[in-house]
Amino acid sequence: MKKLFDIYVDITDTVCVKGKLHDICMLFFTGEARGRYFNGKVIGTGLDTQYSSKDDHMVLSARYMLEGQDIDGKECRCFIENNGSFNDGFIPKIVTDSLALSKFEGAQLKAEIGTKENGVIVSIFG
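Residues numbered from 1 in each chain as written. Predicted model: local features only at pLDDT ≥ 70, side-chain atom pairs only at ≥ 80, totals over all residues. Heavy atoms only, no water.

Quick look at the layout of surface pockets
At step 1: Looking at the largest pocket, its volume works out to about 250 Å³.
At step 2: Taken together, 17 residues make up the lining of the largest pocket; nearest its centre are Asp48, Leu60, Ile113, Val120 and Val122.
At step 3: Counting residues per element, the lining of the largest pocket draws most heavily on strand β5 (residues 58–70), which supplies four residues.
At step 4: Counted by class, the lining of the largest pocket contains 13 nonpolar, three polar and one charged residues. (1 Å grid on protein atoms, 1.4 Å probe; cavity = no way out; pocket = protein on both sides within 12 Å on 5 of 7 lines; lining within 4 Å. Points joined across faces, edges and corners; volume = space filled by probe spheres on them. Helix = DSSP H or I, 4+ residues; strand = E, 2+ residues; numbered from the N terminus. Nonpolar A, V, L, I, M, F, W, Y, C, P; charged D, E, K, R; others polar.)

So, empty space enclosed by the protein
To find leftover empty space, one rolls a probe the size of a water molecule over the atoms.
At step 1: Inspection of every chain in the model, using the stated rule, returns one cavity of 30 Å³ or more.
At step 2: Considering only enclosed or pocket space, the largest cavity measures out at about 30 Å³ in volume.
At step 3: As for the largest cavity, its lining consists of Leu4, Phe5, Tyr37, Cys78, Ile94, Leu101 and Phe104.
At step 4: Broken down by class, the residue content of the lining of the largest cavity amounts to seven nonpolar, no polar and no charged.

What about the packing of aromatic side chains?
At step 1: Taken as a whole and assessed by the stated rule, the structure comprises four aromatic pairs.
At step 2: Seen in terms of ring centroids, phenylalanine 5 and phenylalanine 38 are 5.6 Å apart; in terms of plane orientation they differ by 55°. Their pairing is tilted. Here phenylalanine 5, found in strand β1 (residues 3–18), pairs with phenylalanine 38, found in strand β3 (residues 38–42); they are 33 residues apart in sequence, far enough to count as distant. As far as the burial class goes, phenylalanine 5 and phenylalanine 38 line up, both buried.
At step 3: If you follow lysine 110 out to its NZ or CZ, it ends over the ring of phenylalanine 125, 5.5 Å from the centre. (Phe/Tyr/Trp six-rings, centres within 6.5 Å; stacked < 30°, edge-to-face > 60°. Buried < 20%, exposed > 50% of the residue type's maximum accessible area, 1.4 Å probe, protein only. Lys NZ or Arg CZ within 6 Å of the ring centre and 35° of its normal.)

Overview of the state of the cysteines
At step 1: All chains considered together, the criterion is met by one disulfide.
At step 2: For cysteine 16, the disulfide goes to cysteine 25, at an S-S distance of 2.1 Å. The S-S bond linking cysteine 16 to cysteine 25 shows a torsion near 110°; that makes this disulfide right-handed.
At step 3: Looking at cysteine 76, it has no disulfide partner, and the nearest cysteine sulfur is the one in cysteine 78, 4.7 Å off.
At step 4: Exposure remark for cysteine 76: the relative accessible area of 4% places this residue in the buried category. (Disulfide = S-S within 2.5 Å.)

Honestly, that's just the spatial picture; any functional story needs more than this.
Below is the structure:
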């Protein structure tokens, strides 16, 4: 798999609730994507919902829309939904109006998450 792009996520706010069986945190974020296949910015605010069970198993689900330029230099948008966990890995889905990136819709993709100050770096591979 080759790297499509990195998303540099800056967390802007966090809201949490501690329940009897699970803790839920919603992380609001902005960010910027950079890479060979796409360069752009998060439109508005993205949201990452983190479900943590009392046995410390965490499942994440992030959704956001990016606007920028594809590998051909054409303006486009990409919606990304990234689900998974640090134990089982992360599986992103892409929906786009870019002809050049449309081959990644429905394709087997994976994401890796690294840390940075005030956020994370999400690397998308396809």
